[in-house]
Amino acid sequence: METLIGLGYLGLFIASFLAGSFVPFSSEVVLAALVLKTDMNVWWLLAVATAGNWLGELTCYWIGHLGKMEWIERWTKVNPDKLHHWEDRIKRYGAWLAFFSFVPFLGNVIAVGCGYFRCSFSLSALLMLIGKFLRYWVIIYGMIGLFF
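Here is what the cut-offs are and how they apply
Residues numbered from 1 in each chain as written. Predicted model: local features only at pLDDT ≥ 70, side-chain atom pairs only at ≥ 80, totals over all residues. Heavy atoms only, no water. Patch = residues over 30% accessible without salt bridge, like charges linked within 9 Å, V, L, I, M, F, W, Y side chains within 5 Å. Areas by Shrake-Rupley, 256 points an atom, 1.4 Å probe, with all protein chains shown as cover. Salt bridge = Lys/Arg side-chain N within 4 Å of Asp/Glu carboxyl O. Helix = DSSP H or I, 4+ residues; strand = E, 2+ residues; numbered from the N terminus. Buried < 20%, exposed > 50% of the residue type's maximum accessible area, 1.4 Å probe, protein only. Phe/Tyr/Trp six-rings, centres within 6.5 Å; stacked < 30°, edge-to-face > 60°.

**Q** Please clarify how a nonpolar patch on the surface should be interpreted in this entry.
**A** Taken together, Trp43, Leu126, Leu129, Ile130, Phe133, Leu134, Trp137, Val138 and Tyr141 make up a surface patch of nonpolar side chains, about 880 Å² in accessible area. Here the nonpolar patch gets 8 residues from one element, more than from any other, and that element is helix α8 (residues 121-147). Counting through the fold element by element, Trp43 comes out in helix α4 (residues 42-66).

Pasting the structure below:
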């Protein structure tokens, strides 16, 4: 973590990308350290964290879009029954579910599902971006409100 914190914006981008993909990682720790312990621009931190996490989540979308259930099971370690459980929801709500990709653990399943069931990429990507932005904005606002 200290290495990523020491890299500043690049470290935050890497941390948030990993957290948005299938790697269990907490970008919030790196973000909190940079917000609270440096004089880095908060808006740039928000932009970098959002971009990294969004691109990580788009990776999940494209893994789902590849459409091979064996790959999804192998790389995501998601139970196939859970994927089938989400099939009805994703088919009903489509890309609009992509907004909720900011939810830890569940977000990856949603993104994979949106890709697998061929939800609109542009709408999915936009809604993921909005969700990620709002998530990090709330986190930063909460930290600033608590500590300043």
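**Q** Just checking my understanding: could you explain the pattern of salt bridges for this structure?
**A** Two side chains bearing opposite charge may form a pair once their charged atoms approach each other closely. Evaluation of the coordinates by the stated rule reveals 2 salt bridges. Between Glu28 and Arg135 there is a salt bridge, with its nearest N and O atoms 2.0 Å apart. On the criterion of sequence distance, the pair formed by Glu28 in helix α3 (residues 27-37) and Arg135 in helix α8 is long-range, its members being 107 residues apart. By relative accessible area, which is 22% here, Glu28 ends up partly exposed. Judged by relative accessible area, which is 17%, Arg135 ranks as buried. The partner of Glu57 in a salt bridge is Lys132, with the nearest N and O atoms 2.9 Å apart. Highlighted residues: Glu57 in helix α4 and Lys132 in helix α8, separated in sequence by 75 residues.

**Q** Hey, could you run me through the packing of aromatic side chains in this one?
**A** Summed over all chains, the structure comprises 9 aromatic pairs. Here a set of aromatic residues connected by ring pairs shows up, and it is made of Tyr61, Trp62 and Phe121.

Honestly, it's all geometry; don't read function into it.
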